[in-house]
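Listed here are the chains, written in short residue letters.
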Amino acid sequence: MGLYDRYLALRVRTVDAAVPEHVALVITERDLLEQGAYDTLSDFFAWAFEYGATDVTVYVSVLDRAAAPTLARELEDLDAPREVAVRQPDDVERADAPITVGIGLGGRSEFTAAIRDLATAVDDGDIDPEDVDEAAIEDRLVFPNDPDLVIKTGAERLSDFMIWQSVYSELYFTDVNWRDFRERDYLRAIREYQDRNRRFGE
């Protein structure tokens, strides 16, 4: 770690501001084809937990759904400091782990599946329509937790990702491509988060 990186790390740890407890990262299938991409992802997990996160979510957008099983195998075998739960486009099982990864499982699809399941429960008489609320929807989402900070590398454009959960998240865009993402880039994201005044839609 260079001098500048040590300075950033010191600022993150000593400034009187909270760090994000749940960090989300948006990358692409193409990013994972770059040399060293999975090593960077392992490092990213380590940085997140080192600097105060308790949960990390990664969304990998894919052009071809057929690539999802191969990516899932790679990501399930990744060297990670905590348990990893990987979900693919057609998965509906809740992802309960400190590290969750979605491969091509977009927010619209996730939300639609949750509403469909809720409608079936109402139709079967398992839940009264009067009891349908935000909590009932959230209980049926694959990714249950709301991220505090969403980091997008490479461009200022988010893909279809956690559209329900990230409504009040802080968004951080960097034009640094994933292949070049370093600890200092993560620390810059955390510092900007610490400098913001979160309003949660107010």
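In the block above lies the structure referred to throughout.
Please read these numbers as outputs of a predicted model, since none were measured by experiment.

Peer 1: So what's going on with the nonpolar core? Residues and values would help.
Peer 2: Ranked by internal contacts, the top residues of the largest apolar core, which has 40 residues, are F44, V58, V60, L75, I103, I151 and Y186. Residue assignment for this core shows that the elements contributing at least two residues are helix 1 (3-14), strand 1 (22-28), helix 2 (37-50), strand 2 (55-61), helix 3 (68-76), strand 4 (99-103), strand 5 (149-153) and helix 6 (183-195). Considering every element that reaches this core, the biggest residue donor is helix 2, with 8 residues. Counting 12 residues, the second largest nonpolar core, distinct from the first, contains Y59, A85, A95 and L105.

Peer 1: Can you explain the environment of D128? Please cite residues and give values.
Peer 2: Here D128 is to be found in the loop between helix 4 (107-123) and helix 5 (134-138). On the basis of relative accessible area, D128 is assigned to the partly exposed category, the value being 41%. A polar contact of 2.8 Å, which involves the side chain of D128, links it to the backbone nitrogen of E130.

Peer 1: Quick one: what's the story with the pairing of strand 6 (residues 170-174), residue by residue and with numbers?
Peer 2: Here is the key point about a regular strand: its side chains alternate between the two faces of the sheet. The side-chain alternation of strand 6 yields one buried face, formed by E170, Y172 and T174, and one unburied face, formed by L171 and F173. Relative to strand 6, strand 5 is paired through 5 bridges, and the arrangement is parallel. Directly across from I151, in strand 6, lies its bridge partner Y172.

Peer 1: How would you explain the pattern of salt bridges if you had to name every residue and give the values?
Peer 2: Here the idea is simple: oppositely charged side chains can pair when their charged atoms come close. Applying the stated rule across the entire model yields 13 salt bridges. One salt bridge in this structure joins D90 and R65, with 2.7 Å as the shortest N-O distance. With D90 in the loop between strand 3 (84-87) and strand 4 and R65 in the loop between strand 2 and helix 3, the pair connects residues that are 25 residues apart, well separated along the chain. On the basis of relative accessible area, R65 is assigned to the partly exposed category, the value being 46%.

Peer 1: So what's going on with the packing of aromatic side chains? Which residues, and what values?
Peer 2: Scanning the model with the defined rule gives 7 aromatic pairs in all. The interplanar angle of 85 degrees and the centroid separation of 5.3 Å between the aromatic rings of F44 and Y186 together place this pair among those described as edge-to-face. Taken together, the residues F44 in helix 2 and Y186 in helix 6 connect sequence positions 142 residues apart. Across the pair, exposure class does not vary: F44 and Y186 are buried alike. Geometrically, the ring pair formed by F111 and W164 is stacked, given 5.5 Å between the ring centres and 20 degrees between the ring planes. Placement of F111 in helix 4 and of W164 in the loop between strand 5 and strand 6 is noted, with a sequence separation of 53 residues between them. According to the relative accessible area criterion, F111 is partly exposed, its value standing at 27%.

Peer 1: Lay out a negative patch on the surface with the relevant residues and their values.
Peer 2: A cluster of acidic residues, D128, E130, D131, D133, E134 and D139, forms a negative patch at the surface. Along the chain, the position of D131 falls in the loop between helix 4 and helix 5.

Peer 1: Describe the environment of Y38, listing the residues and the values that go with them.
Peer 2: Mapped onto the fold, Y38 is located in helix 2. What makes Y38 buried here is its relative accessible area of 18%. C-alpha separation for the pair Y38 and L78, spaced 40 residues apart in sequence, amounts to 7.2 Å. Discounting residues that sit within four places of it in the chain, Y38 has contacts with L32, L71, E74, L75 and L78.

Peer 1: Kindly report on the side chain of E29, identifying the contributing residues and their values.
Peer 2: Position of E29 relative to the elements: it lies in the loop between strand 1 and helix 2. Leave out the neighbours within four places in its chain, and E29 touches V60, S61, V62, L63, D64, A67 and L71.

Conventions used here
Residues numbered from 1 in each chain as written. Predicted model: local features only at pLDDT ≥ 70, side-chain atom pairs only at ≥ 80, totals over all residues. Heavy atoms only, no water. Core = buried A, V, L, I, M, F, W, Y, C linked by side-chain atoms within 4.5 Å. Buried < 20%, exposed > 50% of the residue type's maximum accessible area, 1.4 Å probe, protein only. Helix = DSSP H or I, 4+ residues; strand = E, 2+ residues; numbered from the N terminus. Polar contact = N/O pair within 3.5 Å; in protein donor to acceptor, adjacent residues only side chain to side chain. Pairing = 2+ DSSP bridges. Salt bridge = Lys/Arg side-chain N within 4 Å of Asp/Glu carboxyl O. Phe/Tyr/Trp six-rings, centres within 6.5 Å; stacked < 30°, edge-to-face > 60°. Patch = residues over 30% accessible without salt bridge, like charges linked within 9 Å, V, L, I, M, F, W, Y side chains within 5 Å. Areas by Shrake-Rupley, 256 points an atom, 1.4 Å probe, with all protein chains shown as cover. Lys, Arg positive; Asp, Glu negative; His and termini not counted. Charge placed at Lys NZ, Arg CZ, Asp CG, Glu CD. Contact = heavy atoms within 4.5 Å.

Purely geometric numbers; function is a separate question.
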